[in-house]
Amino acid sequence: MSATFGKNLKMTIFGESHSAGIGVVIDGIPAGMQIDEQGIESAMKRRAPNASAASTKRREPDKAEFLSGYFNGRATGTPLCALIRNQDTRSQDYERTAQLLRPGHADYTGIIKYRSANDYRGGGHFSGRLTAPLVFAGSIARQLLDQQGIEIGAHISSIAGIDDSVCSEYDKEALLQAEQKGLAVINGEAMRKMQVRIAQAQKEGDSVGGVIECAIYGLPAGLGEPFFDSVESRLAHMMFSIPAVKGIEFGAGFSITEMKGSEANDSPVIENGKITFEKNNNGGINGGITNGMPVVFRVAIKPTASIFKEQRTVNIKTMQEETLQIHGRHDSCIVPRAVEVVKSAAAFVMADLWLEEHHG
């Protein structure tokens, strides 16, 4: 099993949802880079469970402990290892239904792949809990990008069909400010409607999904490669590593299929003596390489698989069909917490690409 991602900047995540802890090892952080612990802590809090109706009631402080690679506020250049201890597990919630395959989960594929040796408690290594070390690594990558004038913003584009304001990639401040809100949305009325819809789903013992839009500003032209190492390929690879992501689109996305070529093409223009583009239908990427425009993409997040409604399933031990009612503490909507995960994942990919161009 491999749990490593990246080329010049690499992360390896480890642990399970109910193990003693989870964590990450990061290779390739430039020696001497200043690391803001407060910035990491803020990112971790945005991903962590909270008091909203959307969130699981599992309470984890998600305080990361630096074990190596960090000294006097700087990266030492050696592998940086961080540990996040699991402190609020209730494994008994999973013992009573251990033989029942949870719909929407990786229980069956995990049993087959790992010959029944997998840790099923809370989803084990398949759990969204493993996005905590991803956010830790991504927040460091985001700091590296910030030092180069590259900024990343994201907002909830929709939840259960309720749309936020359409985000223009040129309105950078509105997008960057969204992360400071309880729900990362631009329009306050949309936020209210989303909160009502999430609370309704929770009351029904059900869940809802949504779409997250992310934009990356300040990227130079020339990052990435054609074909297999395109910017789209590497971002898509990383995004599909996030549990619950079921789709991704760049720029105009699928709507570009409804345009004529004359409408879809991003015409180059001169602004302040530099080449830029009249539109950004391709999401800041041509031929797999950044063109200097904001890289814009959206990811689809499925409804949380763990719901309290009774569902049909199979008992893997008796090979009989049964019904299952899941117990435990689960999000009724994972989208609000996933915003930080998407930003962090995008930051890690782009920091890896930036290092490839400048230190490769």
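If you're wondering where the values come from, they're calculated on a predicted model, not measured in any experiment.

Peer 1: Break down the overall build of the protein for me, citing the residues and quoting the values.
Peer 2: Looking only at helices and strands, the protein has nine helices and 18 strands in total. Relative to the compact-globule value of 21 Å for 360 residues, the protein shows a C-alpha radius of gyration of 21 Å, a close match. Projected onto its principal axes, the C-alpha positions of the protein cover 70 × 50 × 35 Å. Evaluated residue by residue, the protein yields a buried proportion of 51% over its 360 residues. Considering only residue pairs separated by 6 or more positions, the protein has 73% of its internal contacts joining residues 24 or more positions apart. Summing over all exposed atoms, the protein offers an accessible surface of approximately 16,900 Å²; the carbon and sulfur share of this is 51%.

Peer 1: Can you tell me about the packing of helix 1 (residues 37–47) against helix 4 (residues 131–146), naming the residues and giving the values?
Peer 2: Between helix 1 and helix 4, whose axes approach to 9 Å, the crossing angle comes to 140°. Here helix 1 is positioned oblique relative to helix 4, judged by the angle of their axes. In the packing of helix 1 onto helix 4, the handedness of the crossing is right-handed. Side by side, helix 1 and helix 4 meet where G39, I40, A43, M44, R46 and R47 of the first sit next to T131, A132, V135, F136, S139, I140, R142 and Q143 of the second. Residue composition of the contact of helix 1 with helix 4, by class: seven nonpolar, four polar and three charged.

Peer 1: Give me the lowdown on the nonpolar core, citing residues and values where you can.
Peer 2: Counting residues in hydrophobic clusters, the biggest one holds 81 residues, and the most contacted among them are I26, F136, L235, M239, F297 and M350. Sorting elements by how many residues they give to this core places helix 9 (residues 335–359) first, with 15 residues. Once residues within four sequence positions are removed from consideration, F297 is found in contact with I212, E213, C214, I216, L235, M239, I248, E249, F250, V342 and A346.

Peer 1: With reference to specific residues and values, describe the UniProt feature "binding site: FMN" (unreviewed entry) in the protein.
Peer 2: The residues that UniProt annotates with the feature "binding site: FMN" (unreviewed entry) are H125, F126, S127, G287, K302, P303, T304, A305, S306 and R329. Relative to the elements of secondary structure, F126 occurs in the loop between helix 3 (107–113) and helix 4. The exposure class of F126 is partly exposed, given its relative accessible area of 38%. Those residues within four positions of F126 in sequence are excluded, and the remaining contacts are A106, G110, Y114 and P243.

Peer 1: An account of the UniProt feature "binding site: NADP(+)" (unreviewed entry) in the protein is requested, with residue identities and associated values reported.
Peer 2: Mapped onto this numbering, the UniProt entry gives "binding site: NADP(+)" (unreviewed entry) at R47. If you trace the backbone, R47 turns up in helix 1. Those residues in contact with R47, other than ones at most four positions away along the chain, are D62, G128, R129, T131, A132, V135, R337, E340 and V341. A polar atom in the side chain of R47 sits 3.0 Å from the side chain of D62.

Peer 1: Report on helix 6 (residues 188–203), specifying residues and quantitative values.
Peer 2: Spanning 16 residues, helix 6 covers 23 Å between terminal C-alpha atoms, matching the ideal 22 Å at 1.5 Å per step. The secondary structure elements touched by the buried residues of helix 6 are strand 8 (151–159) and strand 9 (162–163). Of the residues that open helix 6, the one with a side-chain oxygen 2.9 Å from the backbone nitrogen of E189 is N187. The first or second residue beyond helix 6 is G205, which carries a positive phi of 70°.

What counts as what
- Residues numbered from 1 in each chain as written.
- Predicted model: local features only at pLDDT ≥ 70, side-chain atom pairs only at ≥ 80, totals over all residues.
- Heavy atoms only, no water.
- Helix = DSSP H or I, 4+ residues; strand = E, 2+ residues; numbered from the N terminus.
- Rg over C-alpha atoms; globule rule 2.2 N^0.38 Å.
- Buried < 20%, exposed > 50% of the residue type's maximum accessible area, 1.4 Å probe, protein only.
- Contact = heavy atoms within 4.5 Å.
- Areas by Shrake-Rupley, 256 points an atom, 1.4 Å probe, with all protein chains shown as cover.
- Axes fitted to C-alpha atoms, helices over the stretch in contact; angles between N-to-C directions.
- Parallel < 35°, antiparallel > 145°, perpendicular 65-115°, else oblique.
- Left-handed = near helix turned anticlockwise from the far one by under 90°.
- Nonpolar A, V, L, I, M, F, W, Y, C, P; charged D, E, K, R; others polar.
- Core = buried A, V, L, I, M, F, W, Y, C linked by side-chain atoms within 4.5 Å.
- UniProt positions renumbered as here; feature names shortened; annotations may be inferred.
- Polar contact = N/O pair within 3.5 Å; in protein donor to acceptor, adjacent residues only side chain to side chain.
- Expected span 1.5 Å × (residues − 1).

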